[in-house]
Amino acid sequence: MLRRIFLALAVVIAVSAVGQNFKLNATKYHPGQGGAGWVTASGDRINYDKLKSYQIRWVALSHDMFNQHGFKLGDVIIVESETNPSINGEWVVKDKMGKRLRKRIDFLTPREDKRFRNGEVTIRKKKKKD
């Protein structure tokens, strides 16, 4: 019985995140930096050549976005930033950040990327019809 209630609650949380805007603090990370290796939490291997040519647009979200707002690995999100327009558009959630971080998003970028600036962004989960 308790399991059914938990599953129903999880479905409600996941549905509520669609179309809802979230303001997050944005940073960037590189493959091999800190705890980040060449494989994401979703199991996908990072191809550095594709990353350098911006064919890969992957992000990591803080755990609270998964636990409280129903985001999942593989979700497509829409990013909007006034201070950093080069990151506007669609990104795929492929990784999770450390458990202690809250309201954060990390953009996977090539080490040479000088265009990205840390700051606040707005994200929303892409609807299936978008």
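Numbers given to residues run from 1 along each chain, matching the order in which its sequence is written. Under the rules for a predicted model, residues below a pLDDT of 70 receive no local features and side-chain atom pairs below 80 are neither given nor counted, while totals for whole chains, interfaces and linings still include all residues. Neither water nor hydrogens contribute to the side-chain values; these are computed over all heavy atoms in the structure.

## Section: the pattern of salt bridges
Then, number 1: Here, a salt bridge means any Lys or Arg side-chain nitrogen found within 4 Å of an Asp or Glu carboxyl oxygen. For the coordinates displayed, the defined rule picks out 6 salt bridges.
Then, number 2: When the shortest N-O distance is used, the salt bridge between K72 and D75 registers 3.8 Å.
Then, number 3: The shortest N-O distance in the salt bridge between K125 and D75 comes to 3.4 Å. Here K125 is found in strand β6 (residues 119–125), whereas its partner D75 is found in the loop between α3 (63–67) and β3 (76–80), with 50 residues between them in sequence. Of the two residues examined, K125 and D75, each falls in the buried class. Secondary structure elements are defined from DSSP: runs of H or I of at least 4 residues count as helices, runs of E of at least 2 residues count as strands, and each element is numbered from the N terminus. Each residue is placed in one exposure class: buried if its accessible area under a 1.4 Å probe, protein chains only, is under 20% of its type's maximum, exposed if it is over 50%, and partly exposed if it falls in between.

## Quick word on the sheet that holds β3
Within a beta sheet, neighbouring strands are joined by backbone hydrogen bonds and run either parallel or antiparallel to one another.
Then, number 1: When DSSP finds at least two bridges between two strands, those strands are taken to pair. Reading around the circumference, β1-β5-β2-β4-β3-β6 is the order of the 6 strands in this closed barrel, with mixed pairing throughout. Averaged over all neighbouring strand pairs, the angle between strand axes comes to 45°, with direction disregarded.
Then, number 2: Across 5 bridges, strand β1 (residues 22–29) lies against strand β5 (residues 104–108) in parallel orientation. Across the sheet, the residue bridging to A26 is I105, located in β5. To obtain each axis, a line is fitted to C-alpha atoms, and for helices this fit is confined to the stretch in contact; angles are then taken between N-to-C directions over 0 to 180 degrees.

## Some points on the pairing of strand β4 (residues 89–96)
Then, number 1: Inspection of the sheet shows strand β2 (residues 58–61) paired to β4 by 4 bridges, in the parallel sense. Bridging from a neighbouring strand, W58 pairs with V92 of β4.
Then, number 2: Pairing geometry for β3 and β4, over 4 bridges, is antiparallel. Each residue of the ladder has a partner; that of I78, found in β4, is E90.

## Quick word on the confidence of the model for the chain
Then, number 1: Think of pLDDT as the predictor's per-residue confidence, scored from 0 to 100. The predicted model of the chain has a mean per-residue pLDDT of 84, with 81% of residues at 70 or higher.
Then, number 2: Looking at the elements of the chain, mean pLDDT is at its lowest for helix α1 (residues 2–17), recorded as 49, and at its highest for β3, recorded as 97.
Then, number 3: Under a pLDDT of 50 for its full length, residues 5–15 has, in the predicted model, 5 contacts with residues more than four places off or in other chains. In this analysis, two residues are considered to be in contact whenever any of their non-hydrogen atoms come within 4.5 Å of each other.

## Regarding the packing of aromatic side chains
Working definition: an aromatic ring pair is given by the centre-to-centre distance plus the angle between the planes.
Then, number 1: When the centres of two rings from Phe, Tyr and Trp lie within 6.5 Å, Trp using its six-membered ring, the rings pair. Their planes under 30 degrees apart give stacked, over 60 give edge-to-face, and anything left gives tilted. Inspection of every chain in the model, using the stated rule, returns 4 aromatic pairs.
Then, number 2: A ring pair is formed by F22 and F71, whose centres lie 5.6 Å apart and whose planes are at 70°; its orientation type is edge-to-face. One end of the pair, F22, is in strand β1; the other, F71, is in the loop between α3 and β3, and 49 residues separate them in sequence. Considered together, F22 and F71 belong to a single accessibility category, that of buried residues.

## Here we look at the side chain of T109
Then, number 1: Note on placement: T109 falls in the loop between β5 and β6.
Then, number 2: Contacts of T109, omitting those with residues within four sequence positions, involve K28, Y29, H30, P31 and L51.

## Remarks on the side chain of S81
Then, number 1: Along the chain, the position of S81 falls in the loop between β3 and β4.
Then, number 2: Within 3.5 Å is the distance limit for a polar contact, defined as a pair of N or O atoms, with the added protein rule that one can donate a hydrogen and the other accept it, and that residues adjacent in sequence qualify only through two side-chain atoms. Separated by 3.5 Å, the side chain of S81 and the backbone nitrogen of T83 make a polar contact.
Then, number 3: Here the side chain of S81 touches N84 through a polar contact of 2.9 Å, landing on its backbone nitrogen.
Then, number 4: Other than its neighbours up to four places away in sequence, S81 contacts I87, N88, E120 and V121.

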